[in-house]
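One letter stands for each residue in the lines below.
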Amino acid sequence: MNQALDSAGKGIMIQDVNRKVVFFNHACEEITRWSKEKIVGKDCGDIFQCHTSTGMCLTEKFCPGVDIFQGKFSKTSRELMITRGDGSESWIEANASAIRDAEGRVTHIVTIMEDIRERKKFADEILKSKTLSTLGTFAAELAHEIKNPLNAMNIQMLVLEREIQDTHKLSSKSKKEFLEIVSIVQKEVIRLSGFVEECLQFSRTGELNKSLVNMGEMLNEIASLLLPQAQLNGIYVEVDVMHALPKVKVDKDKMKQAILNILINGIEAMPDGGELRMGVQYSRDGILISCQDTGPGIPDEIQDKIFNLFYTTKNGGTGIGLSFAQNIVQAHGGTLQLEQTSKGSKFIIVIPVDENTY
Ligand SMILES: Nc1ncnc2c1ncn2[C@@H]1O[C@H](COP(=O)(O)OP(=O)(O)OP(=O)(O)O)[C@@H](O)[C@H]1O
Ligand SMILES: [Mg+2]
């Protein structure tokens, strides 16, 4: 029995009522980088020196599942950041449940431990990509909203300036003072207009920070980022990269976000599993990146809306993903299009490659 538990794929830790660890399998050793010898017999709070779900270390010694002894729950599930035996930090998911004796008293707690670093990385990347997309979009919206009133203020100031100059009711001293006030306001309006213009420029092209990138390598990076989440959803991921692909000058971070947005949609479209295929090849038109899923596809009647900002059919969706992706690709002089397929959805990005980029 012990041997079977020891070779289980998931970490299994058992502690008694005194919080003493009585069993710590091999997977636990790998996840926590603490050896069994060091841990068994110790207070389980000693293992997770820093343990938190918010990023801040809790001070008291914490054991997953202690709430169970206190009779509050019979099962608990928490994501915890731990400091491992070698001092490095990692994330685990700890699912604890009670082991009871014949009278129903809790005698031990068994905790199933899983390394969730990859899952966390994926979640962080999505958050980053969504935040950046949202920021860019709101900068554009805000700039638009401010631009028109600023123009109106500028015109009104010009009118006021002329009125002050032409009036005979003011002494030349007062005229000078009023004109000075107008001039200050005008300068500020011009400064703000310049700032708004910069904001608009930034969110349109996002000031691309280009470097020579191997898109095949980038797709593989994206795939390994998506893999844990895809596997959880029963999605098979395939990357098909053409040989001898020329490098292309792109803003790596932005392009990665654009492709991620498309692929995340693919994952979201297949909650019951499926296939996610991404590929990159070189043709006369440039670098061609395809992202295909086997989800329900996109109905004809909404196909011309999906790239619109804020268009979403999802509960809790923002409708920014594809609009952002299209903006980024277009800022590179490329195109992003939905292609007809018999099953699922297929998006194609084409990035032109000019002669001096490879
Ligand atoms: N692979 C896909 N399969 C099915 N429908 C899709 C797919 N990709 C996009 N869509 C449709 O296009 C809409 C717009 O997508 P978009 O990524 O812009 O926004 P969202 O996913 O709804 O929200 P957000 O990306 O901002 O979280 C989606 O709501 C969905 O209806
Ligand atoms: Mg989306």
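Residues numbered from 1 in each chain as written. Chains lettered and ligands numbered in written order. Predicted model: local features only at pLDDT ≥ 70, side-chain atom pairs only at ≥ 80, totals over all residues. Heavy atoms only, no water.

**A look at the packing of helix H7 (residues 215-232) against helix H8 (residues 252-268)**
Move 1: Relative orientation of the contacting elements H7 and H8 amounts to 40°, with a least axis distance of 10 Å. Judged by the angle between their axes, H7 and H8 are oblique. The interaxial crossing formed by H7 with H8 has right-handed handedness. From H7, Met215, Met218, Leu219, Glu221, Ile222, Leu225, Leu226, Gln229 and Ala230 reach across to H8, where they touch Lys252, Met255, Lys256, Ile259, Leu260, Leu263, Ile264 and Ile267.
Move 2: Looking at side-chain class alone, the contact of H7 with H8 contains 13 nonpolar, one polar and three charged residues. (Axes fitted to C-alpha atoms, helices over the stretch in contact; angles between N-to-C directions. Helix = DSSP H or I, 4+ residues; strand = E, 2+ residues; numbered from the N terminus. Parallel < 35°, antiparallel > 145°, perpendicular 65-115°, else oblique. Left-handed = near helix turned anticlockwise from the far one by under 90°. Contact = heavy atoms within 4.5 Å. Nonpolar A, V, L, I, M, F, W, Y, C, P; charged D, E, K, R; others polar.)

**With respect to the site of ligand 1**
Move 1: Contacts to ligand 1 come from 21 residues, most closely from Asn265, Thr312, Thr313, Lys314 and Thr318.
Move 2: In the environment of ligand 1, an oxygen atom lies 3.4 Å from a nitrogen or oxygen atom belonging to the backbone of glycine 321.
Move 3: At 3.3 Å from a nitrogen atom of ligand 1 is found a side-chain nitrogen or oxygen belonging to serine 345.
Move 4: Burial of ligand 1 by the protein amounts to 94% of the accessible area it has alone, namely 600 Å².
Move 5: Elements represented by at least two residues in the shell around ligand 1 include exactly H8 and helix H9 (321-331).
Move 6: A breakdown of the residues in the shell around ligand 1 according to their chemical character gives seven nonpolar, 10 polar and four charged. (Near = heavy atom within 4 Å. Polar contact = N/O pair within 3.5 Å; in protein donor to acceptor, adjacent residues only side chain to side chain. Areas by Shrake-Rupley, 256 points an atom, 1.4 Å probe, with all protein chains shown as cover.)

**A word on the packing of H8 against H9**
Relative orientation and spacing of two packed helices are given, respectively, by the angle between their axes and the distance between those axes.
Move 1: Running from N to C, H8 and H9 point in directions that differ by 145°, and their axes come no closer than 9 Å. Classified by chirality, the crossing of H9 by H8 is left-handed. Where H8 abuts H9, its residues Lys254, Met255, Gln257, Ala258, Asn261, Ile262 and Asn265 lie against Gly321, Leu322, Phe324, Ala325, Ile328 and Val329.

**With respect to the sheet that holds strand S4 (residues 89-100)**
Move 1: Spatially, the five strands line up as an open sheet ordered S2-S1-S5-S4-S3, and their pairing is antiparallel. Where the open sheet ends on each side, the last strands, each with one partner, are strand S2 (21-24) and strand S3 (75-83). Sheet twist, expressed as the mean angle between neighbouring strand axes with direction ignored, is 25°.
Move 2: In this structure, strand S1 (residues 11-16) lies alongside strand S5 (residues 106-115), joined through six bridges in antiparallel fashion. For glycine 11, the partnering residue across the bridge sits in S5 and is methionine 113. (Pairing = 2+ DSSP bridges.)

**Brief notes about the pattern of salt bridges**
Move 1: Per the counting criterion, the structure on display carries 16 salt bridges.
Move 2: Among the ionic pairs, arginine 19 bridges to aspartate 43, the shortest N-O distance being 3.1 Å. With arginine 19 in the loop between S1 and S2 and aspartate 43 in the loop between helix H3 (36-39) and helix H4 (66-69), the pair connects residues that are 24 residues apart, well separated along the chain.
Move 3: Judged by its relative accessible area of 28%, aspartate 43 is partly exposed.
Move 4: Lysine 314 is the partner of glutamate 268 in a salt bridge, and the nearest nitrogen-oxygen pair spans 2.6 Å. With glutamate 268 in helix H8 and lysine 314 in the loop between strand S10 (286-293) and H9, the pair connects residues that are 46 residues apart, well separated along the chain.
Move 5: In this structure, a network of salt bridges that share partners links the residues Asp101, Glu103 and Arg105. (Salt bridge = Lys/Arg side-chain N within 4 Å of Asp/Glu carboxyl O. Buried < 20%, exposed > 50% of the residue type's maximum accessible area, 1.4 Å probe, protein only.)

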